[in-house]
Amino acid sequence: MKKGIIGFIVIVLCLSLLAGCGKSAVSAPSNAPDTQALLSSGEGASVPAPTFSDEELQMLQALQFDDYRHMTVAEFQNKVWEKTDTQVYSELLSRLSKDEALQAKRDSDETAAFLFYVLEPLTKEHWQSHTYSGAAESDFPAGQDHARLEYTYTLTILAADQIKVKDYCDTRVNVRDAMDQMMLGRMEEQLQSTEYMQAEIKTFVEGILPDYQTPELTVSLAWVYFPLSAAEKAVGSDGTVEQEQRMTPNGTESDYQSLLALKTPGYQEMSLADFNAALLAWANADHERAERIDEDDRYDDFKVPLSEDERAFVRWTVFLSGRENGQAVRSIYTGGPENDPWHEQYLPARFGASGGRSGYCSLYYQFSWHIADKAAVTVKDRDRQIRGMMKAVQDFWDGTDTEELLKMSEADIMAKLREIMGMYSTGNITITTSEDHVLFENIK
């Protein structure tokens, strides 16, 4: 069941990463672009005036040694430190981090990338750790409104004489690419749910940890997620979650006593027509009471103690009949046909390997159900079929080997969902979904 959306969260995780593959090697000085090309602002861009002369830039480019990526970090450091052990180089390097013109090109020019992603972090005074930052936006077509993932990650070198510069660089790139990948191909409902996305991000980071542990390099990672809808508020970097404010207070004991009066000894054998009518009359008698209990369910925020059976009654029977009543009332107001009720489900990401490569997959699906004759279907029948279908989908997801899931396409998943929904459909209850309401992410 989908719960209420909670506020922004900042989660800090410490993990070890060793990249398998990354960006191509940075060019050696002989292939480096000339100074004018390096400082070119690009198409329509505006870059601050350069602070280095051509000669000084050539001195910096001279530190981009042949085959430096295959040196250990210690070897690269020693070679740089030996070459720069002069007053001129010392002053030159001290100005590097202040050159905004070069910094503006670090993600588009190979020489600038070398200076700010390799030379500076690996040869500065406190070189053991360096922090990078990034931001990724969703690709959901929602005009100017995008969900945004902002993150920082600190690479800490534990064994400079063992890790190669290439491994360090590839780790930086792979962490960045992994965080960017989290935002792609998401549906609107996912991007609007901070609760869902923060769980996805956390699960993703924790999922890749076993594959990339190394004693030579560690990465500490922190992020904050800004959803597609900017209704919630972020909190401090201590990771404390500020829950979205409820629109109503919690349901009272009196509220629940009135609702549970509908849970008669024979309610499961009642027809949906009769039970739904009784539920609608209860809600109409005091709509504020119904709203309080509805928000308790949405936020999983029950203050009144309920038995397992009572909670199931609220979270399933009342919820499903409420969805059916909602469509019936809508039909009365619009004068149009009564649409089928629907529900959505997010399944947690699965992590594993396929073909020697790490990967992950996740599943979102929305389904609807059609009751041909509410007078001929009992509450027990409806609850059993809907809950049984959802459990079967969950069992398929949990019980299928991750390697097999990674081999599946969205068409395969659609076929499986339709097979399960067909098994739990009857002559009077038809459960369906469609390609537009299923998102199977399969990234490897």
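Please read these numbers as outputs of a predicted model, since none were measured by experiment.

1. Description of the environment of Thr152
Here Thr152 is to be found in strand β3 (residues 148-157). Between the C-alpha atoms of Thr152 and Leu221, which are 69 residues apart in sequence, the distance is 5.9 Å. Beyond its immediate chain neighbours, meaning those up to four positions away, Thr152 contacts Thr131, Tyr132, Ser133, Ser220, Leu221 and Ala222.

2. Considering the nonpolar core
Counting 61 residues, the largest nonpolar core has Phe76 and Ile157 as its most contacted members. When residues of this core are assigned to their parent elements, the largest contribution, eight residues, is made by helix α6 (residues 110-123). In contact with Ile157, other than residues within four places in its own chain, are Val73, Leu122, Trp127, Gln128, Ile163, Tyr168, Glu216 and Leu217. Formed by 48 residues, the second largest nonpolar core is a distinct cluster that contains Phe275, Ile293, Val377 and Met421.

3. Remarks on the packing of helix α10 (residues 253-260) against helix α12 (residues 287-299)
For any two helices packed against each other, the geometry comes down to the angle between their axes and how far apart the axes lie. Axis separation between α10 and α12 bottoms out at 10 Å; the angle between their running directions is 95°. The orientation of α10 with respect to α12, classified from their angle, is roughly perpendicular. Contacts between α10 and α12 involve Asp255, Tyr256, Ser258 and Leu259 on the former and, on the latter, Arg289, Arg292, Ile293 and Asp296. Broken down by class, the residue content of the contact of α10 with α12 amounts to three nonpolar, one polar and four charged.

4. Quick word on the packing of α6 against helix α7 (residues 165-181)
For the pair α6 and α7, the least separation of the axes is 11 Å and the interaxial angle reads 115°. Crossing of α6 over α7 shows right-handed handedness. For the pair formed by α6 and α7, the contact residues are Tyr117, Val118, Pro121 and Leu122 on the first element and Val165, Tyr168, Cys169 and Arg172 on the second. Residue composition of the contact of α6 with α7, by class: seven nonpolar, no polar and one charged.

5. What to know about the confidence of the model for the protein
The predicted model of the protein has a mean per-residue pLDDT of 79, with 81% of residues at 70 or higher. Within the protein, strand β1 (residues 10-15) has the poorest average pLDDT of any element, 34, and strand β7 (residues 429-432) the best, 97. Long-range and interchain partners of residues 1-49, a stretch whose pLDDT sits below 50, account for 156 contacts in this model, where long-range means more than four residues apart. When the criterion is pLDDT under 50, residues 230-243 qualifies, and its contacts beyond four places in sequence or with other chains add up to 34 contacts.

6. Regarding the pattern of salt bridges
If you walk through the whole model with that rule in mind, you get 20 salt bridges. The residue Arg384 makes a salt bridge to Asp381 at a minimum N-O spacing of 3.0 Å. Of this pair, Arg384 and Asp381 both sit in helix α14 (residues 379-399), three residues apart, which is roughly one turn of that helix. The network of salt bridges with common partners includes Asp297, Asp300, Arg311 and Arg315.

Procedures and definitions
- Residues numbered from 1 in each chain as written.
- Predicted model: local features only at pLDDT ≥ 70, side-chain atom pairs only at ≥ 80, totals over all residues.
- Heavy atoms only, no water.
- Helix = DSSP H or I, 4+ residues; strand = E, 2+ residues; numbered from the N terminus.
- Contact = heavy atoms within 4.5 Å.
- Core = buried A, V, L, I, M, F, W, Y, C linked by side-chain atoms within 4.5 Å.
- Buried < 20%, exposed > 50% of the residue type's maximum accessible area, 1.4 Å probe, protein only.
- Axes fitted to C-alpha atoms, helices over the stretch in contact; angles between N-to-C directions.
- Parallel < 35°, antiparallel > 145°, perpendicular 65-115°, else oblique.
- Nonpolar A, V, L, I, M, F, W, Y, C, P; charged D, E, K, R; others polar.
- Left-handed = near helix turned anticlockwise from the far one by under 90°.
- pLDDT = per-residue confidence, 0-100.
- Salt bridge = Lys/Arg side-chain N within 4 Å of Asp/Glu carboxyl O.

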